[in-house]
Amino acid sequence: EPLEIPQGDFHSASLADIGVTAEENEILVEGCDTDREAVGSLQHQLGNVSAEVRVTRTELAALRAELQRILAKLDGPASADASGDLRQQRLFAKFLGLVDRVDWKKGSVVEGCQIETCVVDYSNFNALRISTHFNCSLETFRDFLKEESNVRKYDVALDTFQVLKTNPESVILYTNYKRQSRMVAPRDFVTESTTQMFTPEEAAANRLTGVKNEGVFVQSTVSVSGFKDPVKDWVRGNILAFGYLAIAEGPKRIQVYNYACVDPAGGIPKFIADATSSMSAKTVAQIRGLCEEAEKKKN
């Protein structure tokens, strides 16, 4: 489908047309000094689709793929370095932005899981935080989440689960979900996920928790482009921030926080999207049960 691209320069309209975030733009601006060839190539391509030129969605997708390649080169590995600023790393930035928030509004408790929400300036949808305790070790929780196939044990709506690419410190996944209502089109997602374990000292250095702990585990997931073309009849959702922060309070007791800010895209009323918080809490409760069961099997 042809699109009208408004006139704009490298740092404004043209970049916005292919979905560049503020964080990504900062990386590109810095990259102008460190890798002029890569950034200059993207500038040239963007110049070709500015100033009243008609382009197709496929061409824009190709530009987005090139952007992701350049960002990966400029930003380096997705791994978290305790000596660096974790909040500046691409896969952790928005997730840890939610962790840092102090204005969460408490809602209901579902199956022992506290639901909280807050408003964010980068989405029309509320961010969500779900918290509860697990009676298992930090390692059991980590191992459960790192095994991608476990998702089918607690997500009954999942239809397709595909590993598109495995990187040294992250994994690219494609997932789609069964239609939950005749009034709502099915959704799919292309995401990149990374995990990191922290010692108590590393957790303190990265401001991950203000309480005494015996270690911290973080998983962060965001949507990415360029790895799989849009699929007919499926609406491509956008995961702005999603993940888990688990704080070890003892050998077999952890405090778990699930953070999420997801734009389902397409024609879903905001009140329906926000109402999924109860379903999310039930999912966390299922994960809790599965992890505690796994812990018992170790003994």
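Because the structure is predicted, anything quoted here is derived from the model rather than measured.

**Student:** Teacher, can you tell me more about the overall build of the chain here?
**Tutor:** When its secondary structure is counted, the chain shows 10 helices and 12 strands. With 299 residues in all, the chain has 45% of them scored as buried. Here the analysis covers contacts within the chain between residues at least 6 apart in sequence; of these, 61% occur between residues at least 24 apart. Only carbon and sulfur atoms are counted for the fraction: they give 50% of the accessible area of the chain, which is about 15500 Å².

**Student:** What is the right way to look at the pattern of salt bridges in this model?
**Tutor:** For side chains of opposite charge, pairing can occur when their charged atoms come near one another. Applying the stated criterion across every chain yields a total of 7 salt bridges. Of the charged contacts, one joins arginine 236 and aspartate 188 as a salt bridge, the two residues approaching to 2.9 Å between their closest N and O atoms. Of this pair, arginine 236 sits in strand E10 (residues 235-236) while aspartate 188 sits in strand E8 (residues 187-198), placing them 48 residues apart in sequence. For arginine 236, a relative accessible area of 26% translates into the label partly exposed. Judged by its relative accessible area of 0%, aspartate 188 is buried. When the shortest N-O distance is used, the salt bridge between glutamate 249 and arginine 253 registers 3.7 Å. For glutamate 249, a relative accessible area of 39% translates into the label partly exposed.

**Student:** Is there a simple way to think about unusual backbone geometry in this case?
**Tutor:** Glycine aside, the phi torsion of most residues is negative, and most peptide linkages are trans. Positive phi, close to 50°, is recorded for glutamate 111, a residue that is not glycine. By secondary structure assignment, the location of glutamate 111 is in the loop between strand E3 (105-110) and strand E4 (113-118). The class for glutamate 111 is partly exposed, based on a relative accessible area of 48%. Positioned with a positive phi, arginine 207 is a non-glycine residue whose angle comes to about 55°. Inspection of the secondary structure puts arginine 207 in the loop between helix H8 (200-205) and strand E9 (216-223).

**Student:** I would appreciate a short explanation of the environment of glutamine 114 in the present structure.
**Tutor:** Note on placement: glutamine 114 falls in strand E4. Its relative accessible area of 16% is what places glutamine 114 among the buried residues. A C-alpha to C-alpha distance of 9.5 Å links glutamine 114 and tyrosine 257, two positions 143 residues apart in sequence. Among all residues touching glutamine 114, those that are not within four sequence positions of it are Lys106, Gly107, Ser108, Val109, Arg129, Ile130 and Ser131. Among the polar contacts listed, one links the side chain of glutamine 114 to the backbone oxygen of glycine 107, at a separation of 3.1 Å.

**Student:** Even after reading the chapter, I still don't get the packing of aromatic side chains, so can you show me in this structure?
**Tutor:** Two aromatic rings are characterised by how far apart their centres lie and by the angle between their planes. Summed over all chains, the structure comprises 9 aromatic pairs. Note that lysine 228 overlies the ring of tyrosine 174, its terminal NZ or CZ placed 4.7 Å from the centroid.

**Student:** What's the story with the environment of leucine 91 in this structure? I'm lost.
**Tutor:** Here leucine 91 is to be found in the loop between helix H4 (57-75) and helix H5 (93-100). Sequence separation between leucine 91 and threonine 221 is 130 residues; the distance between their C-alpha atoms is 6.8 Å.

**Student:** Teacher, can you tell me more about the state of the cysteines here?
**Tutor:** Note: disulfide means a covalent bond formed between the sulfur atoms of two cysteine side chains. In the structure shown here, the tally under the stated rule is 0 disulfides. Summary of cysteine pairing: cysteine 118 is not part of a disulfide, and the nearest cysteine sulfur, belonging to cysteine 261, is at 8.0 Å. Free of any disulfide, cysteine 291 has its nearest cysteine sulfur in cysteine 136, 4.8 Å distant.

**Student:** Looking at this model, I keep getting lost on the side chain of asparagine 176. Mind explaining?
**Tutor:** Examined against the element boundaries, asparagine 176 turns out to sit in strand E7 (residues 171-177). Residue asparagine 176 is classed as buried on the basis of its relative accessible area of 5%. A distance of 2.9 Å separates the side chain of asparagine 176 from the backbone nitrogen of threonine 160, its partner in a polar contact. If near-sequence neighbours (up to four positions away) are discounted, asparagine 176 is found in contact with Leu158, Asp159, Thr160, Arg187, Asp188 and Trp234.

**Student:** Which parts of the structure should I look at to understand the packing of helix H6 (residues 138-146) against helix H10 (residues 277-298)?
**Tutor:** Working note: a packed helix pair is described by the angle between its axes plus the distance between those axes. At a closest axis distance of 10 Å, the pairing of H6 and H10 adopts a crossing angle of 120°. Relative to H10, H6 is oriented oblique. The way H6 lies across H10 gives a crossing that is right-handed. Of H10, the residues touching H6 (which contributes Glu139, Thr140, Phe141 and Phe144) are Ile287, Leu290, Cys291, Ala294, Glu295 and Lys298.

**Student:** What's the story with the pairing of E7 in this structure? I'm lost.
**Tutor:** Working note: regular strand, side chains alternate between the two faces of the sheet. For E7, the tally of buried residues reaches 6 of 7 residues, placing the bulk of the element in the interior. Pairing geometry for strand E6 (residues 158-166) and E7, over 7 bridges, is antiparallel. Counterpart to glutamine 162 in the pairing with E7 is tyrosine 174.

Calculation rules
Residues numbered from 1 in each chain as written. Predicted model: local features only at pLDDT ≥ 70, side-chain atom pairs only at ≥ 80, totals over all residues. Heavy atoms only, no water. Helix = DSSP H or I, 4+ residues; strand = E, 2+ residues; numbered from the N terminus. Buried < 20%, exposed > 50% of the residue type's maximum accessible area, 1.4 Å probe, protein only. Contact = heavy atoms within 4.5 Å. Areas by Shrake-Rupley, 256 points an atom, 1.4 Å probe, with all protein chains shown as cover. Salt bridge = Lys/Arg side-chain N within 4 Å of Asp/Glu carboxyl O. Polar contact = N/O pair within 3.5 Å; in protein donor to acceptor, adjacent residues only side chain to side chain. Phe/Tyr/Trp six-rings, centres within 6.5 Å; stacked < 30°, edge-to-face > 60°. Lys NZ or Arg CZ within 6 Å of the ring centre and 35° of its normal. Disulfide = S-S within 2.5 Å. Axes fitted to C-alpha atoms, helices over the stretch in contact; angles between N-to-C directions. Parallel < 35°, antiparallel > 145°, perpendicular 65-115°, else oblique. Left-handed = near helix turned anticlockwise from the far one by under 90°. Pairing = 2+ DSSP bridges.

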